[in-house]
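# Structural overview for review
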Amino acid sequence: MSSSAPPGSSSGMSSPAKQTDPRQLALLGLQSVQRGAYADAVVHQLLESSRLNGLDRALLTELLYGCVRRQRTLDALVHQFVRKSPPPLLTWILHLGLYQLRYLTQIPAAAAVHSTVDLTKRNGFVGLGGLVNGVLRNYLRQAESGQDPLQLPSDPVARLGVLHSFPDWIVSVWIQQFGEAETADLCTWMNQAPQIDLRINPLITTLEQVQTAFQGVGAVAEPVPPLPQTLRLQSHVGNLTALPGFAEGWWLVQDSSAQLVSHLLEPQPGETIIDACAAPGGKTTHLAELMGDRGLVWACDRNPKRLQKIQENAARLHLQSIQTQAVDVRELQPEQPVDRVLLDVPCSGLGTLHRHADARWRQTPTTVAELAQLQQEILERAVTWVKPGGYLVYSTCTLHPDENEGIIRPFLEQHPHWQIDPPGTRSPTASFVNAEGWLKVLPHQHQMDGFFMVRLRHCGIQ
């Protein structure tokens, strides 16, 4: 880019399809996220449209997700080392440089500095290359002295928020539940790359058969006790769908915590079950497998396009017991009561923030309050579908009490004919049950996504 281009100008910048520099592509992606695009969609689009090799694809993914995830920490460092607030594009360039120095130990410091200065000049800030060089080298000098250059607030909430890059309100919610030390551990866990769990289809194959097939292509997968159908990938190469058994319906990607939900509902062969908020269908297909594919599972979702994914998964897994219905479940009226209902409600996702780099910045206390209202409405509707003696499992992938205990406690007070029904000791879910009878999966303790789930039993006539 010529020196006459205005700072931050995109004139002369190659399209993603022509780019071979993962750092430049990451910068383009960060601009898209800043404009409101979802990080997952941006990464997918850049990888699909660019011509990067394997290592550069991995670097692009790491840089984009990492800078979005660590935005608050990186902002704090920029404010420490730069007197005047830089324009947004230069801020993202500094973030890319600081992220490499602070979090990517496999990249030599000199290479991180040089590439960031070059990125600065190529994007219209020729006169500010010295500033960027000075900021990064100043950070390095302080880091090499043995002290963390990052200056932290004294307030416990703000300190953890800046150190681990979370909004204060999320940190506060977690400290109130788990205490300061555990919240620090939870934040650390949420900043790790997500693991990949597979659910083996027992109607077609076994854990041992899948493990052996994976070993043949250099992929290592290990069981996840106490779950009977779960393998966790320890290493894998390339596209997951290219691994043995995918096309044949041997397995589905699903986190261990999500698998616990279906085990808690404990469906039986021949029953009729409603999965009220079903898409994309991981739990729906699991229910069908646990029933031996004998019975009927109604998979409901408002969006017909999302139901297509359930149908595709069911077909690949060779499951015949699943039917789909496009409906707002608050308006659903089954012809007759059913045996069991799975209510995996829409939630803030605070238990899965490691899987969605920008989710921590998108949710707010206001959105949580709105979701809690929706969850309450769905639960009030769903209990009318269950026959006396039947069961309902309420679950979320959040760690916010307003969406979990805050929904269930008042519900039980207002519905005396419903009560908590903890799982039996032989259930894979038994070790997760607390004194109240519900299950809370804490990522930093259980090495799974954060989940809340409770099984309720209809004990009388409505």
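Here the structure is a predicted model, which is why all the values come from computation and not from measurement.

## Remarks on the side chain of Ser115
Position of Ser115 relative to the elements: it lies in helix α6 (residues 109–122). One polar contact links the side chain of Ser115 to the main-chain carbonyl oxygen of Ala111, over a distance of 2.9 Å. Setting aside residues up to four positions removed in sequence, Ser115 forms contacts with Arg23 and Gln100.

## As for the packing of aromatic side chains
Enumeration over the complete set of coordinates arrives at seven aromatic pairs. With a centroid separation of 6.4 Å and 75 degrees between ring planes, the pair formed by Phe81 and Tyr139 is classed as edge-to-face. A residue pair is termed long-range when its members are at least 10 positions apart, and Phe81 in helix α4 (residues 71–81) and Tyr139 in helix α7 (residues 129–144) qualify at 58 residues. Here Phe81 and Tyr139 have matching classes, each one buried. Taken together, the ring pairs in this structure connect Phe214, Phe246 and Trp251 into an aromatic cluster. Seen from the ring of Phe246, Arg316 lies directly overhead, with NZ or CZ sitting 3.9 Å from the centre. Lying across the ring of Phe166, Arg360 places its NZ or CZ 4.0 Å from the centre.

## Looking at the layout of surface pockets
Its volume calculated, the second largest pocket comes out at about 280 Å³. Along the wall of the second largest pocket there are 14 residues; nearest its centre are Trp298, Pro334, Glu335, Gln336 and Val338. Broken down by secondary-structure element, the contributors of at least two residues to the lining of the second largest pocket are β5 (272–275), β6 (296–301) and β8 (338–344). Grouping the amino acids of the lining of the second largest pocket by side-chain chemistry returns seven nonpolar, four polar and three charged.

## Observations regarding the pairing of strand β3 (residues 230–235)
Bridge count for strand β1 (residues 197–200) against β3 is three bridges, and the pairing is antiparallel. Opposite Leu198, over in β3, you have Leu231 as the bridge partner. Pairing analysis gives four bridges linking strand β2 (residues 220–223) to β3, with the strands arranged antiparallel. Opposite Val220, over in β3, you have Ser235 as the bridge partner. Hairpin connection, β2 to β3: the antiparallel pair is bridged by six residues.

## Here we look at the environment of Asp21
By secondary structure assignment, the location of Asp21 is in the segment before α1 (22–34). The exposure class assigned to Asp21 is buried, which follows from its relative accessible area of 18%. C-alpha separation for the pair Asp21 and Arg232, spaced 211 residues apart in sequence, amounts to 32 Å. Not counting the four nearest positions on each side in its chain, Asp21 is found in contact with Leu52, Leu119 and Arg122.

## Some thoughts on the sheet that holds β2
Within a beta sheet, neighbouring strands are joined by backbone hydrogen bonds and run either parallel or antiparallel to one another. Here four strands make up an open sheet; going across it, the order is β2-β3-β1-β4 and the pairing antiparallel. Each of the sheet's edge strands pairs with one partner strand only, and the pair in question is β2 and β4 (251–253). Between one strand and the next, the sheet's axes are offset by a mean angle of 35 degrees, whatever the strand orientation. Where β1 meets β4, three bridges bridge the pair, whose relative direction is antiparallel. By the bridge assignment, Leu198 is partnered in β4 with Val253. The strands touched by helix α13 (residues 282–290) within the sheet are β1 and β4, with β1 carrying the most contacts at an inclination of about 30 degrees.

## Comments concerning the nonpolar core
Counting residues in hydrophobic clusters, the biggest one holds 48 residues, and the most contacted among them are Leu64 and Leu96. Secondary structure elements with two or more residues in this core: α1, α2 (39–49), α3 (54–69), α4, α5 (88–103), α6 and α7. Among the elements that line this core, the one with the most residues is α5, at nine residues. Ignoring sequence-local partners within four residues, the contact set of Leu96 consists of Arg23, Ala26, Leu27, Leu30, Leu63, Cys67 and Leu119.

The rules behind each value
- Residues numbered from 1 in each chain as written.
- Predicted model: local features only at pLDDT ≥ 70, side-chain atom pairs only at ≥ 80, totals over all residues.
- Heavy atoms only, no water.
- Helix = DSSP H or I, 4+ residues; strand = E, 2+ residues; numbered from the N terminus.
- Polar contact = N/O pair within 3.5 Å; in protein donor to acceptor, adjacent residues only side chain to side chain.
- Contact = heavy atoms within 4.5 Å.
- Phe/Tyr/Trp six-rings, centres within 6.5 Å; stacked < 30°, edge-to-face > 60°.
- Buried < 20%, exposed > 50% of the residue type's maximum accessible area, 1.4 Å probe, protein only.
- Lys NZ or Arg CZ within 6 Å of the ring centre and 35° of its normal.
- 1 Å grid on protein atoms, 1.4 Å probe; cavity = no way out; pocket = protein on both sides within 12 Å on 5 of 7 lines; lining within 4 Å.
- Points joined across faces, edges and corners; volume = space filled by probe spheres on them.
- Nonpolar A, V, L, I, M, F, W, Y, C, P; charged D, E, K, R; others polar.
- Pairing = 2+ DSSP bridges.
- Axes fitted to C-alpha atoms, helices over the stretch in contact; angles between N-to-C directions.
- Core = buried A, V, L, I, M, F, W, Y, C linked by side-chain atoms within 4.5 Å.

Purely geometric numbers; function is a separate question.
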